[in-house]
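Structure assessment
Each chain, letter by letter, is given below.
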Amino acid sequence: MSGDEFVPLSLVPMLIGICVAVACALPGNFLVLRRQALIGDAISHVVLPGIVVAFLITGEVSTWPMLLGAAGAAVVAVVCIEAVRRLGKIEPGAAMGVIFTAMFAGGVLLLEQSDTSSVHLDVEHALYGNLESLIWLDATGWSSLWDVQALAGLPVELPRMVFTLIFVCAFIAVFWRPLKISTFDEGFAQTIGLHTAPLGLALVIVAAIAAVAAFDAVGSIIVIAMFICPPAAARMMTNRLEHQLAWSAGFAALSAILGYVIAGYGPLWIGMADAVSAAGMIATISGLILAVAAVFGPHRTRGSAAAVG
Amino acid sequence: MITDALLLQLGYNATLVTIGACLLGMAAGVGGTFLFLRKRALVSDAISHATLPGVGIAFMVMVAFGGEGRNLIGLLSGAAVSAALGLLCVNWLSTRTRLAEDAAIGAVLSVFFGFGIVLLTIIQTMSAGRQAGLEGFLLGSTAGMLRSDALIIAVSAALTLMLVLVLRRPLTLASFDPDFATTTGQNVTRTDLAMMGIVLAVTVVGLKIVGLILIVALLIIPPVTARFWTDRTDHVVLIAGALGGVSAYVGAAISAAQPAMPTGPIIVLVGFGLFALSLLLAPERGVVSALIRHRQFQRRVHLRQGLLALAQGQPIYERLTLRLLRSEGWALPDGVATDDGRARAAKALRDETRWQTIRRDPAYEAAAAHYDGLTPIETVLTTDQIEQVDRDIGAPRGVTS
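First, a word on scope: everything that follows refers to the structure included in this document.

Cut-offs used in this document
Residues numbered from 1 in each chain as written. Chains lettered and ligands numbered in written order. Predicted model: local features only at pLDDT ≥ 70, side-chain atom pairs only at ≥ 80, totals over all residues. Heavy atoms only, no water. Helix = DSSP H or I, 4+ residues; strand = E, 2+ residues; numbered from the N terminus. Rg over C-alpha atoms; globule rule 2.2 N^0.38 Å. Buried < 20%, exposed > 50% of the residue type's maximum accessible area, 1.4 Å probe, protein only. Contact = heavy atoms within 4.5 Å. Core = buried A, V, L, I, M, F, W, Y, C linked by side-chain atoms within 4.5 Å. 1 Å grid on protein atoms, 1.4 Å probe; cavity = no way out; pocket = protein on both sides within 12 Å on 5 of 7 lines; lining within 4 Å. Points joined across faces, edges and corners; volume = space filled by probe spheres on them. Nonpolar A, V, L, I, M, F, W, Y, C, P; charged D, E, K, R; others polar. Expected span 1.5 Å × (residues − 1). Polar contact = N/O pair within 3.5 Å; in protein donor to acceptor, adjacent residues only side chain to side chain. Patch = residues over 30% accessible without salt bridge, like charges linked within 9 Å, V, L, I, M, F, W, Y side chains within 5 Å. Areas by Shrake-Rupley, 256 points an atom, 1.4 Å probe, with all protein chains shown as cover. Salt bridge = Lys/Arg side-chain N within 4 Å of Asp/Glu carboxyl O. Buried area = accessible area lost by both parts, 1.4 Å probe. Phe/Tyr/Trp six-rings, centres within 6.5 Å; stacked < 30°, edge-to-face > 60°. Lys NZ or Arg CZ within 6 Å of the ring centre and 35° of its normal. Axes fitted to C-alpha atoms, helices over the stretch in contact; angles between N-to-C directions. Parallel < 35°, antiparallel > 145°, perpendicular 65-115°, else oblique. Left-handed = near helix turned anticlockwise from the far one by under 90°.

1. A look at the overall build of chain B
Counting secondary structure elements, chain B contains 19 helices and zero strands. For 401 residues, the compact-globule estimate of 2.2 N^0.38 gives 21 Å, and the C-alpha radius of gyration of chain B, at 31 Å, exceeds that figure by more than 25%. Taken along the three principal axes of its C-alpha coordinates, chain B extends 100 × 55 × 35 Å. Counting only residues that meet the buried cut, chain B has 53% of its 401 residues in that class. Counting only contacts in chain B whose residues sit at least 6 apart along the sequence, the fraction spanning at least 24 positions is 68%.

So this is what it looks like as structure tokens:
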């Protein structure tokens with residue numbers, strides 16, 4: 001694979017894919033352990049109305065209004081779910097189901113009602129994303145990595161996802177001890193004076209930030225898959241949280257790389273003309289990794305901690 | 001136009017779709033109730049997303065055998081197989097591994113859906129033109145539906161509803177009290193399996209109308225809505241079925257009348273509208289009635305405290321208390337008690353003294369447990385008992401005349 005072709009066409013999407021995957025997988029570990037795994041699913045459904053409303057207000061597809069709209073919708077959804085749960089005394093799963101389906105339906109209706117056909121804003125795009133189109137046209141080969149002029153032409157999604165990844169890592173590093181304690185033993189965390197409720201909320205907000213940043217670049221399906229599959233696979237590999245995070249980051253990066261390569265080049269190898277959806281393939285690969293871990297992982301069953309020591 | 005649609009005057013296809021949607025909505029409401037009561041509402045999310053690869057594979061297989069690829073029965077069979085596979089995966093992951101059920105649901109829905117999208121992109125490049133309408137399975141589309149398709153949907157929705165009606169007794173028992181169901185000799189595992197079968201059937205039939213992303217709303221929203229209106233099992237089931245039927249009927253009719261209105265989202269939003277109304281207005285559990293109850297309680301507390309203050313000749317500064325006393329005609333604007341007010345105040349103070357007496361007397365222990373400062377003493381003691389208490393207290397005290 002020569003640099004002339006690889007650097008402009010595949011390097012940037014692949015790097016973005018890796019950043020997205022790791023940025024979602026790291027907070028995903030805590031969500032899976034806290035039985036909040038489906039928050040990623042809910043967030044990725046509710047950001048659609050936010051993005052559509054932002055588009056209708058500003059009239060253009062630009063980044064910041066959309067990110068703000070998505071974040072606003074996520075906040076509205078969290079508030080609504082909590083309100084339904086408390087006011088109606090409804091169990092959390094059902095409350096979530098009511099709100100996120102209704103908001104998604106509202107988003108689709110708005111999208112169909114408004115004339116968005118002129119711009120690239122449609123439901124399929126929101127679901128699959130367009131990872132493949134984030135190409136770096138200014139690059140000519142590996143040497144472009146040192147070329148300031150070419151670097152200026154990098155797709156803005158790449159630096160944004162890198163910042164998001166750094167932010168997520170920083171959050172986890174700074175709040176490592178309280179996060180770990182409150183995830184495993186909320187009661188104990190409270191007795192030693194940790195404020196578990198704001199911490200839990202902060203975790204959800206960080207997850208939402210990662211989801212919204214990723215959503216813009218790669219669509220919602222990767223986001224849901226990366227929140228759950230790599231952490232779930234990592235959980236089968238180890239009993240130590242530190243190791244689980246490392247495993248999940250590794251699995252996430254592996255899914256992104258393998259998924260992108262197979263989606264982009266796999267069909268050509270077996271004689272088909274066109275590439276397939278990279279986002280879908282990355283999700284598929286993460287599922288295969290989870291399947292392998294669930295069948296062969298050393299800590300795949302409950303209570304395996306005692307057996308291994 | 002919308003009236004025409006609601007009265008089924010828009011032609012054969014639209015009528016079949018509307019009736020089919022209505023039957024499907026009823027089956028989804030009833031089937032969803034059992035899921036909701038079993039606290040497994042979100043399993044349906046995994047099932048519905050898991051239908052996509054099945055639709056894709058069925059299309060590819062039918063094209064490979066020289067078929068047209070758009071045969072609805074073929075596509076739906078594929079959807080059913082892959083959804084069943086997804087359900088098995090959720091069960092396997094949540095019982096055989098350490099993953100919790102929510103993580104298993106999320107993993108299955110994202111992976112199956114992702115794979116389905118991969119298949120869709122292959123199909124898009126495979127045979128341009130012939131795959132038209134396949135995206136309709138994502139969000140549902142009834143526009144341009146073939147006459148035979150509409151008939152298939154109406155008939156299979158009716159069959160699903162019948163299945164639900166036949167199985168409602170064991171399902172109800174198993175959802176509410178699995179232990180009791182087991183002791184009466186019912187095979188709960190098999191009932192759970194039947195429940196999942198119904199959810200699967202509803203999902204697959206609903207694909208073409210509501211779409212796989214939103215079908216889950218039809219299974220979740222009506223039962224949650226119905227729960228606001230009743231505390232009785234069988235009523236939840238009936239109301240959920242009715243609500244599901246109404247949402248789907250109205251939604252499908254609106255969408256048939258207005259071409260720009262996509263069917264699935266409209267149905268879901270009608271259902272959500274009914275939910276929002278119920279959340280606000282339901283008699284027992286609604287927000288408005290809770291507010292009213294709160295205000296009434298507040299009013300009783302303020303009136304009672306106000307009367308006690310009047311009886312003891314204390315000035316009242318609290319505005320709400322003063323206003324309530326005035327509106328009852330028990331006090332004048334400057335806070336001075338009226339004749340009626342003085343009599344009420346004397347009674348309130350006397351009742352308070354009676355309460356204090358019986359709370360000190362072990363003989364009245366059961367009655368004294370009702371003391372909360374608001375319950376009228378006449379409701380817990382008989383007239384004879386009150387006379388007895390009054391004799392113990394002696395003459396009324398503390399009433400300034």
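Having seen it, we continue.
2. Here we look at the nonpolar core
Membership of the largest hydrophobic core comes to 204 residues, with the highest contact counts inside it found for Ile-16 and Leu-290 of chain A together with Leu-24, Phe-113 and Val-210 of chain B. Considering every element that reaches this core, the biggest residue donor is helix 1 (residues 3-33) of chain A, with 18 residues. Sequence-distant contacts of Leu-290 of chain A, that is, excluding residues within four places in its chain, are made with Cys-229, Ala-232, Ala-233 and Met-236 of chain A together with Leu-93, Leu-99 and Ala-107 of chain B. Core analysis: the second largest hydrophobic core is formed by 16 residues, Leu-307, Leu-310, Ile-316 and Leu-325 of chain B among them.

3. Considering the layout of surface pockets
Any space left empty among the atoms is revealed by the rolling of a water-sized probe across them. Approximately 1100 Å³ is the volume found for the largest pocket. Arg-35, Gln-36, Ile-39, Pro-92 and Met-96 of chain A are, among the 37 residues lining the largest pocket, the residues nearest its centre. Counting residues per element, the ones that place at least two in the lining of the largest pocket are helix 2 (39-58), helix 3 (63-87), helix 4 (92-113) and helix 10 (196-218) of chain A together with helix 6 (101-126) of chain B. Tallying contributions element by element places helix 3 of chain A first for the lining of the largest pocket, with seven residues. Looking at side-chain class alone, the lining of the largest pocket contains 21 nonpolar, five polar and eleven charged residues.

4. Quick word on unusual backbone geometry
One non-glycine residue, Arg-35 of chain A, lies in the positive phi region at around 60 degrees. Within the element layout of this structure, Arg-35 of chain A appears in the loop between helix 1 and helix 2. Residues other than glycine seldom take positive phi values, yet Lys-39 of chain B does so here, at roughly 55 degrees. Locating Lys-39 of chain B in the fold gives a position in the loop between helix 2 (12-37) and helix 3 (43-49). A relative accessible area of 59% means that Lys-39 of chain B is categorised as exposed.

5. Quick look at helix 17 (residues 339-360) of chain B
Under the 1.5 Å per step criterion, the end-to-end length of helix 17 of chain B is 32 Å for 22 residues, consistent within 8% with the ideal 32 Å. On its buried side, helix 17 of chain B packs onto helix 15 (287-311), helix 18 (365-368) and helix 19 (383-393) of chain B.

6. Re the side chain of Thr-238 of chain A
Along the chain, Thr-238 of chain A falls in the loop between helix 11 (220-235) and helix 12 (241-269). A polar contact is formed between the side chain of Thr-238 of chain A and the backbone nitrogen of Arg-240 of chain A, at a distance of 2.9 Å. Leave out the neighbours within four places in its chain, and Thr-238 of chain A touches His-243, Gln-244, Trp-247 and His-299 of chain A together with Arg-98 of chain B.

7. Overview of empty space enclosed by the protein
Evaluated as defined, the whole model comprises four cavities of 30 Å³ or more. Put simply, the second largest cavity is a space of about 70 Å³. Lining the second largest cavity are Ser-44, His-45, Phe-104, Leu-127, Ser-220, Ile-221 and Ile-224 of chain A together with His-49, Leu-109, Phe-113 and Ile-213 of chain B. Elements represented by at least two residues in the lining of the second largest cavity include exactly helix 2 and helix 11 of chain A together with helix 6 of chain B. Counting residues per element, the lining of the second largest cavity draws most heavily on helix 11 of chain A, at three residues.

8. A look at a nonpolar patch on the surface
Residues and elements named next belong to chain B. Residues Trp-229, Leu-277, Leu-280, Leu-281, Val-288 and Ile-292 make up a contiguous nonpolar surface patch of about 540 Å² in total accessible area. Mapped onto the nonpolar patch, the elements with two or more residues apiece are helix 14 (263-281) and helix 15. Tallying contributions element by element places helix 14 first for the nonpolar patch, with three residues. The topology assignment puts Leu-277 in helix 14.

9. Details of the pattern of salt bridges
All names here are of chain A. Tallied over the full model, the rule gives 14 salt bridges over all chains. Among the ionic pairs, Arg-85 bridges to Glu-82, the shortest N-O distance being 2.8 Å. Of this pair, Arg-85 and Glu-82 both sit in helix 3, separated by three residues, roughly a single helical turn. Look at Arg-85 and you get partly exposed, because its relative accessible area is 29%. The network of salt bridges with common partners includes Glu-82, Arg-85 and Arg-86.

10. Digging into the environment of Trp-64 of chain A
Residue and element names in this part refer to chain A. Tracing the sequence through the fold places Trp-64 in helix 3. A residue is classified by how much of its surface remains accessible, and Trp-64, at 61% relative accessible area, is exposed. When the C-alpha positions of Trp-64 and Ala-54 are compared, they lie 9.3 Å apart, and in sequence the two are ten residues distant.

11. Points about the interface of chain B and chain A
Every contact between the two is made by 55 residues of chain B and, on the other side, 61 residues of chain A. A combined buried area of about 4700 Å² lies between chain B and chain A, and 76% of that area is made up of carbon and sulfur atoms. Looking at the side of chain B facing chain A, the largest losses of area belong to Leu-42, Arg-98 and Asp-102 of chain B, adding up to 16% of the total buried there. At the surface where chain B touches chain A, the tally comes to zero salt bridges. Elements supplying a minimum of two residues to the side of chain B that touches chain A: helix 3, helix 5 (72-96), helix 6, helix 7 (136-139), helix 12 (215-229) and helix 14 of chain B.

12. Concerning the packing of aromatic side chains
If you walk through the whole model with that rule in mind, you get six aromatic pairs over all chains. Residues Phe-171 of chain A and Phe-175 of chain A carry aromatic rings whose centres are separated by 5.2 Å and whose planes lie at 45 degrees to one another, so their mutual orientation is tilted. Overall, Phe-171 of chain A belongs to the buried group, its relative accessible area being 9%. Through successive ring pairs, a cluster of aromatic residues spans Phe-228, Phe-272 and Phe-275 of chain B. Against the face of Phe-137 of chain B rests Lys-208 of chain B, its NZ or CZ located 5.2 Å from the ring centre.

13. Digging into the packing of helix 3 of chain A against helix 4 of chain A
Residue and element names in this part refer to chain A. Contact geometry of helix 3 with helix 4 gives a least axis separation of 9 Å together with a crossing angle of 140 degrees. In terms of axis orientation, helix 3 runs oblique to helix 4. Crossing geometry of helix 3 relative to helix 4 is assigned as right-handed. Note on element contacts: helix 4 touches helix 3 through Pro-92, Ala-95, Met-96, Ile-99 and Met-103, opposite Ala-73, Val-76, Ala-77, Cys-80, Ile-81, Val-84 and Arg-85. When its residues are assigned to classes, the contact of helix 3 with helix 4 shows eleven nonpolar, no polar and one charged.

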